[in-house]
Amino acid sequence: MHLAKDIVRSDTAELRKARGAFFTPYSIAKFLADWTIRDPRAGRVLDPTCGDGVFLLAAAERLKDLGCTPSEIHDQIFGVDLHAASLDQSQANLEAGGFSGTLLPPGDFFQQALPSQIGSQLPEFDTILGNPPFVRYQTHRGDARKRSASAALAQGVRLSGLASSWAALLVHASGFLKPDGRIAMVLPAELMTVGYAEPIRRWLRARFAKVHLVLFERLQFADAEEQVVLLVASGRGGCKTFNLHHVNTADDLNKVHIFDTDSVIPVASGKWTDLLLPQANRDAYSALTAASFTSLSSFGQTELGTVTGANKFFTLTESTRQEYGLKPGTQVQKVVPPGSRHLRGLGFSEGDWQQLRLEGARVWLLNPEDTQPRGGLKKYISEGVEQGLNETYKCSIRTPWWRPPRPWAPDLFFTYMSHIAPRLISNHVEASFVNSMHGVRLTESFPKEAVPALPLLSLNSVTALGAELQGRSYGGGIVKMEPREASALPMPLVPHILAAWERLRHKQLTLEHSYRASSLASVVEQVDEVLLSEVLEISKEDVGLIRGALAKLRSRRIRGSSERAQK
């Protein structure tokens, strides 16, 4: 299908990105239109953010194929958009295809009254198609956010302040859908993986009778950096299972058949990242974690590090400490320098800390007990005032501004930003830490003899797969885990940790050396052999399924970063 060229020369990629507009490839629009529009007599179609009109054009083509005349199509096609130039282009693209439709004057879809409300300009629709704007919460602010949140709440969905714009639009659009209608949307894949989408996931289960999801292995939009998922939902009354379709790119959509599906029962709460995996891998992971693993939260509490508001000021080198005469214990305390690159081993020892001190790393955290600073401490604080640090947000909301909140020494450090997998590191030196990592405070009931084994035994493929499922993919191919996500990591049960440790402890130094030499894959393989195969007696087939799933998700995360970097 030919679309009119030179959409709007002044509408640059930067401007489209600012309003969250990413124009959909025609192949995807046609696939969704063909899939959702089945009956020409029930073919009234709405695109609530129609942009260049690619969905309206695909819908018109579909209605034409079903035997509708141009005048009938005109009465069935409706478009809304707040961008006047895009509406003009939408009209031009429809005319280029020999069609016309009803395009409302430029306006915010969230200000459109529902068909059941007084003043509504739009009727109920048989089909709603579209690609909602993708504006992250940082820029989705002010009146626009208030309108979108209110519209979603009117449909019974309360969204958090972290929600991006697409979430509310999906919900509001459903209010224009007939009870037996179909809605098809291109949504960011974070629908499956982020916490703020939890209300949307619950709503999908409760609102629709059938839900289909099409998952892509590769990026699909030339000007977007997000993976997308296609959602097709219909009917009312709720559903227990979803239908999944896995494809590599949009070129494979013609291979998808609505009856050739992988039916799944999504979890009642939490992320749906596991749906990115084939059924056999999901089954193996579920069975193993249910039978032989627990969550990290059962061992202890995962918490944030100290938020200083200015790490470069509040963490000091040994030479700075000496220059100002700051006293260890009462004015400064030991800290792991900001960042996790210093944590190369399975434990952080006094020797590691002393080495960093000699190398000039920031190994002290300012934590004065004094209420009336004097001498060197007073001078150091004064220099912070000269830098304006007392007026920064985090410092200005505490009294005194120069005393960071509750520095504490965890039993274990947790690296929450990782290229390969998060790690646990024993804290042998009772060092505190700042917010560049997490800390784990073990419960008093956790066996002391299992503590030194935890960092090594956590390096298994099941726990690593749990990190891919619970964590969130960030730029650069990094997986990030907030404390709540880290707390859900699957960990071996304590008896299994001790049994595996008994078989591995004689190799501790060798494994530690391999670990520090960046031979993580070799260490994981040896831990898997002992923990999964020998202690848990998991079959080679199931171990292979776990490793295959881990490789698939890890590759997807890193490949997505690589594809974004090439754009």
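Below you will find a few notes about this structure. Here the structure is a predicted model, which is why all the values come from computation and not from measurement.

**As for the pairing of strand β8 (residues 242-247)**
Part 1: Within β8, five of the six residues are buried, which leaves it mostly tucked inside the rest of the structure.
Part 2: Looking at chain direction, strand β6 (residues 210-216) and β8 are connected through five bridges and run parallel. Within the sheet, the bridge partner assigned to V214 lies in β8 and is H245.

**Examining helix α6 (residues 142-154)**
One turn of an α-helix holds 3.6 residues; hence residues three or four places apart share an orientation.
Part 1: Under the 1.5 Å per step criterion, the end-to-end length of α6 is 19 Å for 13 residues, consistent within 8% with the ideal 18 Å.
Part 2: Taken together, the buried positions of α6 are R145, S148, A151 and A152. Taken around the axis of α6, the buried residues stretch over an arc of 130 degrees, which confines them to a single face. For α6, the exposed residues set more than 90 degrees away from the buried face come down to D143, K146 and A154.
Part 3: Buried residues along α6 sit in contact with α7 (165-174).
Part 4: Looking one or two residues past α6, G156 carries a phi angle of roughly 90 degrees, positive in sign.

**Examining the packing of aromatic side chains**
Part 1: Here the structure, examined in full by the defined rule, presents 16 aromatic pairs.
Part 2: Geometrically, the ring pair formed by F109 and F176 is tilted, given 5.1 Å between the ring centres and 40 degrees between the ring planes. Here F176 lies in the loop between α7 and β5 (177-188) and F109 lies in the loop between β3 (102-103) and β4 (125-130), a separation of 67 residues in the sequence. When sorted by exposure, F109 lands in the same class as F176, which is buried.
Part 3: Residues Y324 and Y380 carry aromatic rings whose centres are separated by 4.9 Å and whose planes lie at 75 degrees to one another, so their mutual orientation is edge-to-face. Placement of Y324 in helix α12 (residues 318-324) and of Y380 in helix α14 (residues 375-386) is noted, with a sequence separation of 56 residues between them.
Part 4: By relative accessible area, which is 9% here, Y324 ends up buried.
Part 5: Overall, the relative accessible area of 7% leaves Y380 in the buried class.
Part 6: Site record: aromatic cluster; members linked through ring pairs are F313, F314, Y324, Y380 and W401.
Part 7: Sitting above the plane of the W353 ring, K334 keeps its charged end 4.7 Å from the centroid.
Part 8: The residue whose ring lies beneath R441 is W408, and the NZ or CZ to ring-centre distance is 4.0 Å.

**Describing the pattern of salt bridges**
Part 1: If you walk through the whole model with that rule in mind, you get 17 salt bridges.
Part 2: Notably, a salt bridge pairs D126 with K178, separated by 3.1 Å at the nearest N-O pair. With D126 in strand β4 and K178 in strand β5, the pair connects residues that are 52 residues apart, well separated along the chain.
Part 3: For D126, a relative accessible area of 11% translates into the label buried.
Part 4: A cluster of three or more residues bridged by salt bridges with shared partners is formed by E198, R201 and R202.

**Digging into the packing of α7 against helix α9 (residues 198-207)**
Part 1: For the pair α7 and α9, the least separation of the axes is 11 Å and the interaxial angle reads 20 degrees. Classed by the angle they form, the pair α7 and α9 counts as roughly parallel. In the crossing of α7 with α9, the sense of the turn from one axis to the other is left-handed. Taken together, the residues of α9 that come into contact with α7 (itself represented by W166, A167, L170, V171 and S174) are I200, W203 and R207.

**Details of the environment of D39**
Part 1: In this structure, D39 sits in the loop between α2 (26-36) and β1 (45-47).
Part 2: Given the relative accessible area of 25%, D39 is considered partly exposed.
Part 3: Sequence separation of D39 and G67 is 28 residues, and the distance between their C-alpha atoms is 9.8 Å.

**Topic: the sheet that holds strand β17 (residues 417-418)**
Part 1: Ordered by their spatial adjacency, three strands build an open sheet running β17-β21-β20, and the pairing between neighbours is antiparallel. What marks the edges here is a single partner per strand, and that holds for β17 and β20 (472-474).
Part 2: Here two bridges tie β17 to strand β21 (residues 478-480), and the two strands are oriented antiparallel to one another. Considered in β21, the bridge of M417 is made with K480.

Definitions and limits used
Starting from 1, residues in each chain are numbered consecutively following that chain's sequence as written. Under the rules for a predicted model, residues below a pLDDT of 70 receive no local features and side-chain atom pairs below 80 are neither given nor counted, while totals for whole chains, interfaces and linings still include all residues. The side-chain quantities take in all heavy atoms of the structure and omit both hydrogens and water. Three labels apply to residues, based on accessible area from a 1.4 Å probe with only protein chains included: buried if under 20% of the type maximum, exposed if over 50%, partly exposed otherwise in between. Secondary structure is summarised from DSSP: a helix means a run of H or I of at least four residues, a strand means a run of E of at least two, and numbering begins at the N terminus for each. Strand pairing is defined by DSSP finding a minimum of two bridges between the two strands. Any helix carries an expected span of 1.5 Å times its number of residues minus one. Note that the arc is defined by the directions from the helix axis to the C-beta atoms. We call two residues in contact when some of their heavy atoms are within 4.5 Å. Aromatic pairing here means that ring centres of Phe, Tyr or Trp (its six-membered ring) are within 6.5 Å. Orientation follows from the plane angle: under 30 degrees is stacked, over 60 is edge-to-face, and everything else is tilted. In this scheme, the term charge over a ring applies when either NZ of a lysine or CZ of an arginine sits within 6 Å of the ring centre and within 35 degrees of the ring normal. Salt-bridge detection follows one rule: a side-chain nitrogen of Lys or Arg within 4 Å of a carboxyl oxygen of Asp or Glu. Throughout, an axis means a line fitted to C-alpha atoms (over the contacting stretch in the case of helices), and angles, computed between N-to-C directions, take values from 0 to 180 degrees. For classification purposes, angles smaller than 35 degrees are called roughly parallel, those larger than 145 roughly antiparallel, those between 65 and 115 roughly perpendicular, and all remaining angles oblique. Handedness of each helix crossing follows the sense of rotation of the near helix against the far helix: counterclockwise by less than a right angle gives left-handed, clockwise gives right-handed.

So far we have only geometry, and geometry alone does not tell us how the molecule works.
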